[in-house]
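Coordinates in review
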Amino acid sequence: MARKIIGLLLILMVACTPPDNSADLIIYNAEILLPGNKIEPEINALSVKNGRIEALGNSDNLLKLATDKTIKVDAKGEFLMPGLIEGHGHFSGLGRTLDGLNFLTAKSWDEIVKQVGEKVKTLPPGAWIY
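Here is a short report on the structure shown in this document. (Residues numbered from 1 in each chain as written. Predicted model: local features only at pLDDT ≥ 70, side-chain atom pairs only at ≥ 80, totals over all residues. Heavy atoms only, no water.)

**Digging into the pairing of strand 1 (residues 25–28)**
Note: strand 1 against strand 3 (residues 45–49), three bridges, orientation antiparallel. The residue bridging I27 from the neighbouring strand is L46, located in strand 3. Alignment of strand 1 against strand 5 (residues 71–74), held across four bridges, turns out to be parallel. Across the sheet, residue Y28 finds its bridge partner in strand 5, namely D74. (Pairing = 2+ DSSP bridges. Helix = DSSP H or I, 4+ residues; strand = E, 2+ residues; numbered from the N terminus.)

**Topic: the sheet that holds strand 3**
Pairing is mixed across the open sheet formed by four strands, whose spatial order is 4-3-1-5. Two strands bound the open sheet, and with one partner strand each, they are strand 4 (52–57) and strand 5. Mean inter-strand twist for the sheet, computed between neighbouring axes without regard to direction, equals 15°. (Axes fitted to C-alpha atoms, helices over the stretch in contact; angles between N-to-C directions.)

**Concerning the nonpolar core**
As a rule of thumb, soluble globular proteins bury nonpolar side chains together. The biggest cluster of nonpolar side chains holds eight residues, and these are I27, A30, I32, L34, I43, L46, V48 and A75. Setting aside residues up to four positions removed in sequence, V48 forms contacts with A23, D24, L25, I53 and E54. (Core = buried A, V, L, I, M, F, W, Y, C linked by side-chain atoms within 4.5 Å. Buried < 20%, exposed > 50% of the residue type's maximum accessible area, 1.4 Å probe, protein only. Contact = heavy atoms within 4.5 Å.)

**What to know about the pattern of salt bridges**
According to the stated counting rule, one finds one salt bridge in the structure shown. Across the pair K121 and E118 runs a salt bridge whose closest N-O atoms are separated by 3.4 Å. Under the relative-accessibility criterion, K121 is labelled exposed at 65%. (Salt bridge = Lys/Arg side-chain N within 4 Å of Asp/Glu carboxyl O.)

**With respect to the pairing of strand 4**
Taken together, the five bridges between strand 3 and strand 4 define a ladder with antiparallel strand orientation. Along strand 4, the bridge assignment pairs K49 with R52. If you look at the hairpin formed by strand 3 and strand 4, you'll find two residues sitting between the two strands, and N50 has a positive phi there, around 55°.

**Topic: the environment of D74**
With respect to the helices and strands, D74 occurs in strand 5. The partly exposed category is assigned to D74, whose relative accessible area is 32%. C-alpha separation for the pair D74 and I26, spaced 48 residues apart in sequence, amounts to 8.5 Å. Other than its neighbours up to four places away in sequence, D74 contacts Y28 and N29. Separated by 3.0 Å, the side chains of D74 and N29 make a polar contact. Engagement of the side chain of D74 in a polar contact is seen with the backbone nitrogen of K76, the distance being 2.8 Å. (Polar contact = N/O pair within 3.5 Å; in protein donor to acceptor, adjacent residues only side chain to side chain.)

**Quick notes on unusual backbone geometry**
Backbone geometry at N29 places phi at a positive 60°, although glycine is not the residue there. Along the chain, N29 falls in the loop between strand 1 and strand 2 (31–32). Since its relative accessible area comes to 32%, N29 is described here as partly exposed. For K76, which is not glycine, the phi dihedral falls at a positive 55°. Within the secondary structure layout, K76 lies in the loop between strand 5 and strand 6 (79–80). In this structure K76 comes out as exposed when scored by relative accessible area, which is 66%.

In structure tokens, the structure reads:
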């Protein structure tokens, strides 16, 4: 009987433990783009826990979730657009991109012009460059 009571007490203690609402990261004092492309001045902060956005709200309220381990970032009124990283490929276009020029590493307009100039040397007159 004593084991059942102890077990019941342990279950109650675990069930009554308050949730951990602390944040790993809080970005505050931001102009945040909300779903539907809305910006509402009273929503100027977000909190992150375990890599996920947990809350959007007022800076003063969300900063209450901070602990000594929380990283706090003052956005100083700058624009913030939370979002997803969504990567995919269209198979018909994926192969075509391998034949084209890649400007992702270009650091200047001159580098882009140079890449186009090099490609022109390898193609017949009138050919398209992608």
